Amino acid sequence: MRLEFLGSRKTAIIILTLIILACAAGSFIPQSQGQCLLLTKSCPLIPLFQLNDIYHSWWFIGLLVFLGLSLSRCTLIRLKNWPGNTGSLFTHAGLIAILLGALITCAKGERGFLSLYKGQSQDTIILYNNQQLKKLPFKIYLHDFLVEWYEPRGEQKIRQIKEFRGRVAVIEDNNRVALTKEILVNHPLRYKGYAFYQSGYNPKDPDWTGLEVSRDPGLPIVYAGFFLLNAGVIVIFYGRKK
């Protein structure tokens, strides 16, 4: 089988265009099972092509794999003259690493929601992509939850939220407290590959809060890819100046 088409610029542009269109579709179509229920009943193509979960769909992952193969083919072609293409090799290797990290996250990553009440612990999250329950390898205990307000303004004395924060503890087996941290909106708790973001509160129940939960196992590979990508750009830039 001839693989020259994989290394062509035209092939890479077509794949990138399809990926961009898929991402655009993902921003318009609700990406959760609950929100897309009515659309699923009216359009059978949605469950067939997983349009309510595009970024984990078989065809989107296939596009990423195909793009990775195309970049790999281009990299192999440039290896024939690697001393003069060092910058290009770095950039291609960086893009391949970014794609690999994205694929790992698509296959093994998790996104969900954790509901907590003051004085209670929880080890089960609701996954966004399929609304199923997933048990964590540890528990999160909520010590306290506070909501801070700005001073009332205007004639109607409208109050606006300044900040809300929760003080939590990570509890391992045998009720051992492994970590205690205060979570703010832009200051998440990170533990064993999981990240917990402060995301919600209930004005009618001051003892409740919600945490966004994510696990990105491919993130270190993505960071390494960006490092290689930037290194390649620097090598190309300074190589042209000489």
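Residues numbered from 1 in each chain as written. Predicted model: local features only at pLDDT ≥ 70, side-chain atom pairs only at ≥ 80, totals over all residues. Heavy atoms only, no water.

Draft legend 1. Structural detail: the overall build of the protein. The helix and strand inventory of the protein stands at six helices and eight strands. When the helices and strands of the protein are listed from N to C terminus, the series reads α-α-α-α-α-β-β-β-β-β-β-β-β-α. Taking all contacts inside the protein whose residues are at least 6 apart in sequence as the whole, residues at least 24 apart take part in 51%. (Helix = DSSP H or I, 4+ residues; strand = E, 2+ residues; numbered from the N terminus. Contact = heavy atoms within 4.5 Å.)

Draft legend 2. Spatial organisation of the sheet that holds strand E6 (residues 189–191). The strand order across the open sheet built from eight strands is E5-E4-E3-E2-E1-E8-E7-E6, with neighbouring strands paired in antiparallel fashion. The open sheet is flanked by strand E5 (177–183) and E6, the only strands paired with a single partner. When strand polarity is set aside, the average angle formed by the axes of neighbouring strands in this sheet is 35 degrees. Across five bridges, strand E2 (residues 121–127) lies against strand E3 (residues 133–149) in antiparallel orientation. Bridge assignment links Ser121 to a residue of E3, and that residue is Tyr141. (Pairing = 2+ DSSP bridges. Axes fitted to C-alpha atoms, helices over the stretch in contact; angles between N-to-C directions.)

Draft legend 3. Local environment of the packing of aromatic side chains. Tallying each qualifying case throughout the model produces eight aromatic pairs. Where Trp59 meets Phe60, the ring centres are 6.3 Å apart and the plane angle is 85 degrees; that geometry is what we call edge-to-face. Ring geometry for Phe138 against Phe196: centres 6.1 Å apart, planes inclined by 70 degrees, an arrangement best described as edge-to-face. Here the residue Phe138 occupies a position in strand E3, and Phe196 occupies one in strand E7 (residues 194–202), the gap between them amounting to 58 residues. Given the relative accessible area of 3%, Phe138 is considered buried. Within the aromatic cluster, the residues linked to one another by ring pairs are Phe138, Tyr191, Tyr194 and Phe196. The residue whose ring lies beneath Arg215 is Tyr194, and the NZ or CZ to ring-centre distance is 5.9 Å. (Phe/Tyr/Trp six-rings, centres within 6.5 Å; stacked < 30°, edge-to-face > 60°. Buried < 20%, exposed > 50% of the residue type's maximum accessible area, 1.4 Å probe, protein only. Lys NZ or Arg CZ within 6 Å of the ring centre and 35° of its normal.)

Draft legend 4. Quick look at the side chain of Thr11. Mapping Thr11 onto the fold places it in helix H1 (residues 9–28). Among the residues examined, Thr11 registers a relative accessible area of 12% and is labelled buried. Apart from the residues within four sequence positions on either side, Thr11 is in contact with Phe5, Leu6 and Ser70.

Draft legend 5. Region of interest: the nonpolar core. One finds Leu114, Phe138, Ile140 and Phe196 to be the most contacted residues of the largest nonpolar core, which totals 19 residues. Going through the elements one at a time, strand E1 (110–117), E2, E3, strand E4 (161–171), E6, E7 and strand E8 (205–215) are the ones with two or more residues in this core. Not counting chain neighbours up to four residues away, the residues in contact with Ile140 comprise Leu114, Leu116, Gln120, Ser121, Gln122, Val168, Ala169, Val170, Leu189, Phe196 and Leu211. Counting 11 residues, the second largest nonpolar core, distinct from the first, contains Phe60, Leu63, Leu64 and Leu103. (Core = buried A, V, L, I, M, F, W, Y, C linked by side-chain atoms within 4.5 Å.)

Remember, this is a structural readout, not a statement about activity or role.
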